[in-house]
Amino acid sequence: MAMTTPASRVSGRPTRRLYKDLSLQILVAMLLGSLVGYLWPQSAASLRPLGDLFIRLVRMIVAPIIFCTVVHGIASVGEARRVGRVAVKALIYFEIVTTIALVLGLVLVNAWAPGVGMNIDPATLADSDTSGVQESARPVGYGEFLVSLVPTSAVGAFAEGDVLPVLFFSVMFGFALLALGPKGKPMVDAIHAVSQVLFKMIAFVMYVAPIGAFGAIAFTVGRFGPASLLALGNLVLMFYVLCALFVLLVLWPVAWGFGIDLPRLVRYIGAELMIVVGTSSSESVFPRLHAKLRQLGVDPPIVALVLPTGYAFNHDGTCLYFSSVAVFLAQAVGIDLSIGQQLGLLAILLATSKGGAGVAGSAIVVLASTLAATGTIPVASVGLILGVHRLLSSAFVPVNVLGNAIATLVIARMEQALDVPTFESELRRPAGADVTVDGGDLEPGRRDERPAPVAS
């Protein structure tokens, strides 16, 4: 005699209460934050710590997660040759796509010309608001960039939280562990166990993600609100159009060419994209993005190698920001950059755009460093975009996250390291899909339930 089984059990998908959907929670929190920031702008400063606290909670765990996943990924590959092949493919892909982003930014800002006619004297912009940025700005050459890859100490790499030194140390440690062969297996297992603890910590942190998004967006609207949009609205409008064009003209064709349904992927990582809109930090979603890519069927070693490298070298949205805003500032202060000067700016950006990986607020310092390196555009002009930088970052950081998700899937396709049936099945799941890592729940209020057997 057959027993009646709920439809959700037969389908293998448990019925989920709508209010437990993290994407919806974050969306509601951002709408409420926008309302609070608009109605009570004086509360903006007091709400900012909510967003900053959430970012700190995640950043506290990012460096150890990068170390564990990269080391375990390399040690699990089984051969150094494959690691090198994956790394070369990834770096070539990153360089091509970021160069396209820089060129697209230059083309649109020259065509749109949002800063032409402003005729601002940069001497009037040198005040206390930009002094910290100017002090941090300095020309960055390829030599200095290479030196910055190597941390002064292993502990320092983790203490400072910069992705590049942590990644460098993790790669060296992973290759050394791989060279030990069977002797290193106990340590590989231990590192994998530690990574599961870290992912469980992220599950706890995600309970406060809506609160963090609420505080961050309330601060942005209350502090910079409608007035800032009116002041530099043309730049903001141009940049949002630029980000949309990059997704449509570059990322979508790339995704289509490798059999990736971009709209479904955007829906699948919708919660992560909304988090970074509010926090302006791609670091804040690194652990969840890592878990979701594995759940999509990407071979874990590929995710462990490509995603952290992408966070260091593949800043698609930030490259759009650098090229377009740098030329905008030149236009605003009345500097007519020649084609040669813009090509020189492009060459400098190819190096400086690799800095500040994933760290909230670092883009404006890297921009100032780029201007210092050109010697043509005054660094003080950065003060012009301080008021709308947060609005701009709310567009380019999600593009960074989406670009790195696509890059990981592309390399997985190249390496035939993608479980296609799992990938297609996961993308068809409802929005706000559960995120699990080796049986561990990474999403608040969710459990990865399996279909109940049908008795007869």
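Here the residue numbering is sequential within each chain, running from 1 through the sequence in written order. Predicted model: local features are reported for residues with pLDDT of at least 70 only, side-chain atom pairs are reported and counted for 80 or more only, and whole-chain, interface and lining totals are derived from all residues. Excluding hydrogens and water, the side-chain figures rest on all heavy atoms present in the structure.

Draft legend 1. Broad picture of the overall build of the protein chain. For the protein chain, the helix and strand inventory stands at 20 helices and two strands. Categorising residues by exposure relies on relative accessible area from a 1.4 Å probe, with only protein chains included: less than 20% of the type maximum marks a residue as buried, more than 50% marks it as exposed, and the intermediate range marks it as partly exposed. Expressed as a percentage of its 456 residues, the buried residues of the protein chain come to 53%. Two residues form a contact once any of their heavy atoms are found within 4.5 Å. In the protein chain, the share of contacts with a sequence separation of at least 24, taken over all contacts with a separation of at least 6, comes to 85%. To measure how exposed things are, a 1.4 Å probe is used in the Shrake-Rupley method; for residues, cover is taken only from the protein chains shown. Approximately 19,300 Å² of the protein chain is accessible, and the part contributed by carbon and sulfur atoms is 66%. Under the scheme used here, helices are H or I runs from DSSP no shorter than 4 residues and strands are E runs no shorter than 2 residues, and both carry numbers assigned from the N terminus.

Draft legend 2. Representation of helix α19 (residues 389-414). In a helix, the anticipated span is given by 1.5 Å times the number of residues less one. Taking 1.5 Å as the rise per residue, α19 with 26 residues should run 38 Å; its terminal C-alpha atoms sit 37 Å apart, in good agreement. With 24 of its 26 residues buried, α19 lies for the most part within the structure. Looking one or two residues past α19, Q416 carries a phi angle of roughly 55°, positive in sign.

Draft legend 3. Layout of a nonpolar patch on the surface. A patch is a set of surface residues, each over 30% in relative accessible area and not in a salt bridge, joined within 9 Å for like charges and within 5 Å for the nonpolar side chains Val, Leu, Ile, Met, Phe, Trp and Tyr. Salt bridges, as used here, are contacts in which a Lys or Arg side-chain nitrogen is within 4 Å of a carboxyl oxygen on Asp or Glu. A contiguous nonpolar surface patch, about 410 Å² in accessible area, is contributed by L24, L27, V28, L31 and L32. Residue placement: L32 occurs in helix α2 (residues 22-39). According to the relative accessible area criterion, L32 is partly exposed, its value standing at 45%.

Draft legend 4. Seen up close, the packing of aromatic side chains. Ring pairs are drawn from Phe, Tyr and Trp, using the six-membered ring of Trp, whenever the two centres fall within 6.5 Å, and their geometry is named by plane angle: stacked under 30 degrees, edge-to-face over 60, tilted for the rest. Overall, the coordinates contain nine aromatic pairs when judged by the stated rule. Centroid distance Y93 to F94: 6.1 Å. Interplanar angle 70°. Geometry classified as edge-to-face. Given the relative accessible area of 9%, Y93 is considered buried. Two conditions define a charge sitting above a ring: the NZ of Lys or the CZ of Arg must be within 6 Å of the ring centre, and it must be within 35 degrees of the ring normal. The cationic tip of K292 hangs over the ring face of Y268; the distance from NZ or CZ to the ring centre is 5.3 Å.

Draft legend 5. Here's a closer look at the side chain of T318. Inspection of the secondary structure assignment puts T318 in helix α16 (residues 316-332). Setting aside anything within four residues of it in sequence, one finds T318 in contact with A363, F396 and N400.

Draft legend 6. Layout of the nonpolar core. Throughout this description, the term nonpolar core refers to a set of buried Ala, Val, Leu, Ile, Met, Phe, Trp, Tyr and Cys residues connected via side-chain atoms within 4.5 Å. Counting 124 residues, the largest nonpolar core has F239, F246, L265, Y321, L329 and I385 as the members making the most contacts within it. Among the elements that line this core, the one with the most residues is α19, at 15 residues.

Draft legend 7. Molecular detail of the packing of helix α11 (residues 233-257) against α16. Whenever a helix is involved, its axis is fitted only over the stretch in contact; in every case the axis is a line through C-alpha atoms, and angles between N-to-C directions fall within 0 to 180 degrees. Two elements in contact, α11 and α16, have axes separated by 11 Å at closest approach and are oriented at 140°. The pairing of α11 with α16 is recorded here as oblique in orientation. In the packing of α11 onto α16, the handedness of the crossing is right-handed. Facing L235, M238, F239, L242, C243, F246 and L251 of α11, the residues of α16 in contact are D316, G317, L320, Y321, S324 and F328. When an angle is under 35 degrees it counts as roughly parallel; over 145 it counts as roughly antiparallel; between 65 and 115 it counts as roughly perpendicular; any other value is oblique. Crossings are classed by handedness, with left-handed meaning an anticlockwise turn of the near helix from the far one by less than a right angle and right-handed meaning a clockwise turn.

Draft legend 8. Region of interest: α11. Spanning 25 residues, α11 covers 35 Å between terminal C-alpha atoms, matching the ideal 36 Å at 1.5 Å per step. L251 marks the point of greatest bend in α11, at about 35°, and the proline P253 comes within the next four residues. Along α11, the residues classified as buried are L235, V236, M238, F239, L242, C243, F246, V247, V250, L251 and A255. The angle separating two fitted axes, one through the seven residues that finish at a residue and one through the seven that start at it, defines the bend at that residue.

Draft legend 9. Looking closely at the pattern of salt bridges. Using the criterion set out here, one finds six salt bridges in the structure. Note that D261 is salt-bridged to R264, the shortest N-O span being 3.4 Å. Between R288 and E272 there is a salt bridge, with its nearest N and O atoms 2.6 Å apart. With a gap of 16 residues between them, R288 in helix α14 (residues 286-295) and E272 in helix α13 (residues 270-279) connect regions that are remote in the sequence. E272 gets classed as buried once you look at its relative accessible area, which sits at 0%. Salt bridges sharing common partners tie together R85, K89 and E415.

Draft legend 10. Here's a closer look at the environment of V62. Looking at the element boundaries, V62 is found in helix α3 (residues 44-77). Judged by relative accessible area, which is 3%, V62 ranks as buried. In sequence terms V62 and V166 are 104 residues apart; their C-alpha atoms lie 10.0 Å from each other. Contact partners of V62, with chain neighbours within four places excluded, come to E283 and P287.

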